[in-house]
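Results of the structural survey
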Amino acid sequence: MFLQIHTLTSYPASLLNRDDAGLAKRIPFGNAIRLRVSSQCLKRHWREDVTQKLPEVPDGLRTRSFFTRTVLPKALAAGVPEIIALALIEPLAKAVIDGGVKEGGDLNQPILFGEREADYFVRLMLEASRENNALKALTDRLKSKEEKDNLKAMSKAAAGLTAALFGRMVTSDMLARVDAPVHVAHAFTVHAAHTEMDYFTVVDDLNRDDETGAAHANQTELGAGVYYGYVAVDVPLLVANLTGCEARDWRNQDPSLPRRVLEALIDSIARQSPGAKKGSTAPYAWADLLFLEVGKAQPRTLANAFLEAVSTKDAKQDMRLLATQRMADYLRRLDEMYGPFSGYRGLSTVLEPLPAALPPHAPLATNAACALDAVWNTQS
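The sections below set out a description of the structure shown in this document. (Residues numbered from 1 in each chain as written. Predicted model: local features only at pLDDT ≥ 70, side-chain atom pairs only at ≥ 80, totals over all residues. Heavy atoms only, no water.)

Focus on the pairing of strand β3 (residues 32-37)
Consecutive side chains of a regular strand alternate in pointing toward one face of the sheet and then the other. Judged by how many residues are buried, β3 sits mostly within the fold: five of six residues are covered. The pairing of strand β2 (residues 26-29) with β3 spans four bridges and is antiparallel. Its bridge partner lying in β3, Ile27 is registered against Arg34. Inspection of the sheet shows β3 paired to strand β7 (residues 187-189) by two bridges, in the antiparallel sense. Across the sheet, residue Val37 finds its bridge partner in β7, namely Ala187. (Buried < 20%, exposed > 50% of the residue type's maximum accessible area, 1.4 Å probe, protein only. Helix = DSSP H or I, 4+ residues; strand = E, 2+ residues; numbered from the N terminus. Pairing = 2+ DSSP bridges.)

What follows is the structure, encoded as structure tokens:
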């Protein structure tokens, strides 16, 4: 069962996502170069927003200092003697993250951990500290098949809400890998990229009358456009990540938490803007169109509707409406080729009038609720 989320969002002069040279990110697609917002950038902003919307849902920490700044203080607070805790923390980190630990216990790269995992490691340290040789006791225990199975049994939910949505990559057999159920495409402009360099200067307020000119001069690239965004959610996998069940048993779980998470995610996708240079561009926009689809078939993007870039020559036409018409026509032709869509389709938009190939539009909250009803009411 998949939930597909399509958006069209218009941004005025802004710098939504920068490359290593500080310029707007781009991607060649079809017959034109487009402005682009990376999936990593989008996911970061959505993750921060969703976790704020759901503060009661445990989340994780993406950090290199998990063992030294989370596990170690917790172990000391739990009663592990400091000299033993300091002796155990590096071997513990090395046992969990094979080949990626610096001297002292910090990791070579940030990895996502959950609070439950921290509590589990603290318990191991506390029990080992009660033995005559704490280091040997901890090392022997971590090598045992029973303890490896215990850690895996904490399930994918251990790393918190972020990992449940966007996954966790690991290199250690001891740490549970979490596959991402939320698949995020790079957003791109439906038309060719159009940018200009914004030249700016700074004047020194303490200049004397004979000191003229700018104290600092620089430039930054700004662009504007209508972006197509696409997200596909593997609902059974999301439920499995949130509850610890097997994906095949997702329908037997309480749907209340997965529904709340998906409601928050849909709202964040529609309303949460990425953006660099926020202080000088205020790059805040809500989606002008949100199109939701629910079905059992493999998802498919509607990006190819814009393989030929929408022309910007006629300034009298609304680029958002042109993009909507292009998307609706492509959707109609897909249905003609593959047969009528079997599932739910819902539309929320500020645009009028709409092509007949799109369903009647409804408020965002109503559309999201209907889509999620279809997720749990559709027979597998």
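Looking at the nonpolar core
Leu3, Ile5, Leu165, Val233 and Val235 are the most contacted members of the largest nonpolar core, which totals 51 residues. The residues touching Leu3, leaving out its near neighbours within four places in the chain, are Val231, Ala232, Val233, Val235, Leu262, Ile266, Glu293, Val294, Ala371 and Leu372. Counting residues in each nonpolar core, the second largest holds 28 residues, with Val96, Ile111, Tyr120 and Met125 among its members. (Core = buried A, V, L, I, M, F, W, Y, C linked by side-chain atoms within 4.5 Å. Contact = heavy atoms within 4.5 Å.)

Thoughts on the packing of aromatic side chains
Inspection of the entire model under this criterion finds 11 aromatic pairs. Taking 5.5 Å as the distance between ring centres and 40° as the angle between the ring planes, the aromatic pair formed by Phe67 and Phe121 counts as tilted. Residue Phe67 is located in helix α2 (residues 66-78), and its partner Phe121 is located in helix α4 (residues 115-129); the two are separated by 54 residues in the primary sequence. Judged by relative accessible area, Phe67 falls into the buried class, the value being 0%. Assessed through its relative accessible area of 0%, Phe121 is described here as buried. Positioned over the ring face of Trp286 is Arg271, at 4.8 Å from the centre of the ring. (Phe/Tyr/Trp six-rings, centres within 6.5 Å; stacked < 30°, edge-to-face > 60°. Lys NZ or Arg CZ within 6 Å of the ring centre and 35° of its normal.)

Description of the packing of helix α3 (residues 82-96) against helix α5 (residues 134-143)
Their axes nearest at 10 Å, the elements α3 and α5 cross at an angle of 20°. Viewed along their axes, α3 and α5 adopt a mutual orientation that is roughly parallel. In the packing of α3 onto α5, the handedness of the crossing is right-handed. Residues Ile84, Ala87, Leu88, Pro91, Leu92 and Ala95 of α3 form the contact with α5, whose participating residues are Ala134, Leu135, Leu138 and Leu142. (Axes fitted to C-alpha atoms, helices over the stretch in contact; angles between N-to-C directions. Parallel < 35°, antiparallel > 145°, perpendicular 65-115°, else oblique. Left-handed = near helix turned anticlockwise from the far one by under 90°.)

Notes on the pattern of salt bridges
Evaluated as defined, the whole model comprises 20 salt bridges. The shortest N-O distance in the salt bridge between Asp267 and Lys53 comes to 3.4 Å. With a gap of 214 residues between them, Asp267 in helix α9 (residues 256-271) and Lys53 in helix α1 (residues 39-53) connect regions that are remote in the sequence. Of the residues examined, Asp267 reaches a relative accessible area of 15% and is grouped as buried. Of the charged contacts, one joins Asp318 and Arg320 as a salt bridge, the two residues approaching to 2.7 Å between their closest N and O atoms. (Salt bridge = Lys/Arg side-chain N within 4 Å of Asp/Glu carboxyl O.)

Some thoughts on the side chain of Arg34
Take Arg34: it is sitting in strand β3. No salt bridge is formed by the buried Arg34; its nearest oppositely charged neighbour, Glu308, is found at 8.9 Å. Polar side-chain contacts of Arg34 include one of 3.5 Å to the backbone oxygen of Val190. At 3.3 Å, the side chain of Arg34 and the backbone oxygen of Leu307 are in polar contact. (Lys, Arg positive; Asp, Glu negative; His and termini not counted. Polar contact = N/O pair within 3.5 Å; in protein donor to acceptor, adjacent residues only side chain to side chain.)

As for the environment of Thr162
Position of Thr162 among the secondary structure elements: in helix α7 (residues 160-166). Sequence-wise, Thr162 and Lys43 are 119 residues apart; in three dimensions their C-alpha atoms are separated by 9.6 Å.

With respect to the layout of surface pockets
Volume-wise, the largest pocket comes out at about 550 Å³. Residue lining of the largest pocket: 24 residues in total, with Gln40, Lys43, Arg44, Arg47 and Arg62 positioned closest to the centre. Counting residues per element, the ones that place at least two in the lining of the largest pocket are α1, β5 (111-114) and α7. Here the element with the most residues in the lining of the largest pocket is α1; it accounts for six residues. When the residues that make up the lining of the largest pocket are grouped by side-chain class, the tally is nine nonpolar, seven polar and eight charged. Lining the second largest pocket are 17 residues, and of these Ala297, Gln298, Arg300, Tyr338 and Phe341 lie nearest its centre. Of all the elements in the fold, those that place two or more residues in the lining of the second largest pocket are β1 (2-14), β10 (289-295) and α11 (319-338). No other element matches α11, which puts three residues into the lining of the second largest pocket. Classifying every residue of the lining of the second largest pocket gives eight nonpolar, five polar and four charged. (1 Å grid on protein atoms, 1.4 Å probe; cavity = no way out; pocket = protein on both sides within 12 Å on 5 of 7 lines; lining within 4 Å. Points joined across faces, edges and corners; volume = space filled by probe spheres on them. Nonpolar A, V, L, I, M, F, W, Y, C, P; charged D, E, K, R; others polar.)

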